[in-house]
Amino acid sequence: MGETMRVMRSRCGASRTWVLALVCVGVALAIWPASITAGPAALSSWANCAFADEASSGQQAGAAMSAQVGTGAPTEGSPVVQPVEPAADSVARVGAGLRAVTLDVGHSERAGAASVLADGASALMKGSDWALSSFARQNKGTSRAVEGQSLGYRWPLSQPDAVAAVVTQQAVIVRVPARLADGTPVPTDDPAFIMTLMALLQALDDRAAEGGEPLGLEARTVYVTTQQQVSLNGFTYDFGREAGGRTYVTCVSEGSADDRAGALLMEAASLVPSASLGAAEQPSALDGAASFFGRLDLAPLWVSLRTTGAAIVAIFALGLACAWLTMRTSSRVKGLLDTVFTIPLVLPPTVCGFLLLLVFGNSTATGRWLIDHGISLVFTWEAAVISCVVVGFPMMYRTVRGAFENLDASMLDAARTLGWSEARIFARIMLPLAWPSIAAGTVLAFARAMGEFGCTLFFAGNYLGVTQTIPLAIYFEWMSGRTDVALFWVGVVLVVSFAVILVINAYSSRTQRYRRKERGTWESS
C-alpha cells in the first residue's frame, strides 16, 4: 500500500511538473511575440521623445533670441505663442513656418465655457469675434491614389481656407488661414485669438470624439502655421493639395513608405465671424431631430433590406435542399458535405470574403470566364447578395438538418412501404413536422445576413446606394466623425435584432403550446 501511494505521489508530482511546464511555455509564447512587437515600438517612442526634447530645446533657444508675437511681452500666466527656431541639426525634424503654442492653465476652463450649438458642428466663445462652424472629425484617411496620382495619406478638405488640425502621436499641427476666401484678414499673430481657437477646437472635439482618440491639446505639443506645407519629425503635411477637382490634407513620409504613421486623425472647421452664429437661436430638440433626419441618407437601410431579402430566398431554398441531400447520403460523404456546408459558420467573415475574391476576382480563371460572358461580380450588388448567402446559409442548414434528424425514421419508412415517393414524403411529412425549426432557421439566417460586414466589405466593397449596408455605414460614418449617424444605425440594428429574437421566442412558445394541447387530446382519446 505504501509503495502504491509513493508511486501515485510520484506520478502526481510528474503531472504537476508537466502542467507547470505547459503553462510556462504558453506564457512564454504569449509574451514573446508581444515583446518583439513592443521592442521597436518602445525604441520608436524613445526616439520620438528625444526628438521632441530636441525640438523643445530649439524652441526655447529661438524664443530667447526672437521677439514675442503680439504687442508687448506676455505677462505671467498669459498664453504664449512662440516661433520655432530649431537648431541646425534638427531642421529636418521641425520645418520652418511652425509656431509652438504653450497653453496656459485656463485652457480647460475656456474649452468648457465655449458654446457648442445643437448641431455639434459649430462653436463660439462669449466676447470673441470669431467662431467655428461645419466642424468635421475624420478618424481615418486613405492612401488610395486619386486619378492615378499618389498623394500619400490623405483626408478630404471641404474648403481651402478651413482651419485644419492633424493629430500625431506627440503633436497637433493646426493650420490657420492668413485670410478667408472673401479676403478678410485673420489675426493669426494675436495670442488671445490663438487661445480662443484652441478652446473652440477642444470643445468641438470633446463633443465629437465619442470614445475615439482625443485631440489632447494639453498632452501634446501644439504647433500653429499659416503655411500650406510644413514638415515635422520626418513627415511633410500639405493643407491644400489639389487633385481630381478636390482639396485634400495630405501626409507624406520623407524616409519610409508608411505615410499613415505620421497622423492619427484630422479635424477641420470653417472660421466665421461669431455674429453669424450668435444671432441664431439654439434649436429645440424637435428642430434638432428634424434637422438630423432631414440630412440623413436612408440608402443603407434600403440596400440592407433589398440585399437580405434576395439572399434569404436563396438561403431558404439551398438550406432545405442541402439538408435533405445530406440526410440521403452515406456516412462518409455526409461528413464531407456537412463540413463544407458548415465551415463558413466558423470562419471569420473576412476570410470568406477573401476566398470569394480568389474565386471570382478579375485576375482568376473563373472571374475572367465570367467577364468574357458579360458577368462581373466583384464590387457589385450581386456580390453583396452572395456574401450574405455565404455567411447566412450555415445557420439555415444546421437548423433544418437538426430538425430532419429528429423526425421519426419509422414513420418515414412506413410512408415508403405505402408507395410514397421521396418528393411526396419530403413535402407532406418532413416539411410540416420540421416547419417550426425551418422558420426559426430562416429568421436567424435573415438576421445574420443583415448584420454581415467583413465578407461584404471584401467582396462587394463600400459604395453608397449600391453595396453599403447598415453595418458598413456604421463603420464608415464613425470613421468619418459622424458619430450621431453611426449611433442611429446602431439603434436600427438593435431594434431589428430584438424583433428577430422576439419573433423566434413567440413562435416557439406558440408551437410548444400547440404540441402540448395535441398531446393531451391524443392521450385522453
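Counting restarts for each chain, with residues numbered from 1 along the sequence as it is written. With pLDDT at 70 or above as the cut-off, local features in this predicted model cover only qualifying residues; side-chain atom pairs require 80 or more to be listed or tallied, and sums for whole chains, interfaces and linings still use all residues. To obtain the side-chain values, all non-hydrogen atoms of the structure were included, while hydrogens and water were left out.

### Remarks on the pattern of salt bridges
A pair is scored as a salt bridge if a Lys or Arg side-chain nitrogen falls within 4 Å of a carboxyl oxygen belonging to Asp or Glu. Counted under the stated rule, the structure contains 12 salt bridges. As a salt-bridge pair, Arg-295 and Asp-484 come within 3.2 Å of each other at their nearest N and O atoms. Of this pair, Arg-295 sits in helix H5 (residues 285-295) while Asp-484 sits in helix H15 (residues 483-524), placing them 189 residues apart in sequence. Across the pair Arg-416 and Asp-413 runs a salt bridge whose closest N-O atoms are separated by 2.8 Å. Taken together, the residues span about one helical turn, with Arg-416 and Asp-413 both in helix H11 (residues 409-417) at a distance of 3 residues. Exposure is judged per residue with a 1.4 Å probe applied to protein chains only, and the accessible area is read against the type maximum: over 50% gives exposed, under 20% gives buried, and values in between give partly exposed. Arg-416 gets classed as partly exposed once you look at its relative accessible area, which sits at 36%. Given a relative accessible area of 41%, Asp-413 falls into the partly exposed group. Each of Arg-328, Asp-413, Arg-416 and Glu-422 takes part in one network of salt bridges that share partners. Only DSSP runs of H or I reaching four residues or more are called helices, and only runs of E reaching two or more are called strands; each is numbered from the N terminus.

### As for the nonpolar core
Ranked by internal contacts, the top residues of the largest apolar core, which has 36 residues, are Leu-132, Val-174, Phe-193, Leu-197, Met-198, Leu-201 and Leu-271. For this core, the elements supplying multiple residues, two or more each, are strand S5 (130-138), strand S7 (163-167), strand S8 (171-175), helix H3 (191-208), strand S9 (221-225) and strand S13 (265-273). Per-element accounting of this core gives the leading share, 11 residues, to H3. In this analysis, two residues are considered to be in contact whenever any of their non-hydrogen atoms come within 4.5 Å of each other. Excluding anything up to four places from it in sequence, Met-198 contacts Leu-103, His-107, Val-174, Leu-217, Val-222 and Val-224. Formed by 28 residues, the second largest nonpolar core is a distinct cluster that contains Ala-311, Trp-381, Val-385 and Phe-426. By nonpolar core is meant a set of buried Ala, Val, Leu, Ile, Met, Phe, Trp, Tyr and Cys residues that side-chain atoms within 4.5 Å join together.

### Section: the confidence of the model for the protein chain
Known as pLDDT, the predictor's confidence for each residue is given on a scale from 0 to 100. The predicted model of the protein chain averages 78 in pLDDT, with 78% of residues at 70 or higher. Here residues 1-93 is a poorly scored stretch, pLDDT under 50, and it has 62 contacts once near neighbours within four places are set aside; other chains count.

### A few points about the state of the cysteines
Our working definition of a disulfide is a cysteine sulfur pair at a distance within 2.5 Å. All told, the structure shown has 0 disulfides when counted by the stated rule. No disulfide involves Cys-455; its sulfur sits 5.5 Å from that of Cys-352, the nearest cysteine. Overall, the relative accessible area of 0% leaves Cys-455 in the buried class.

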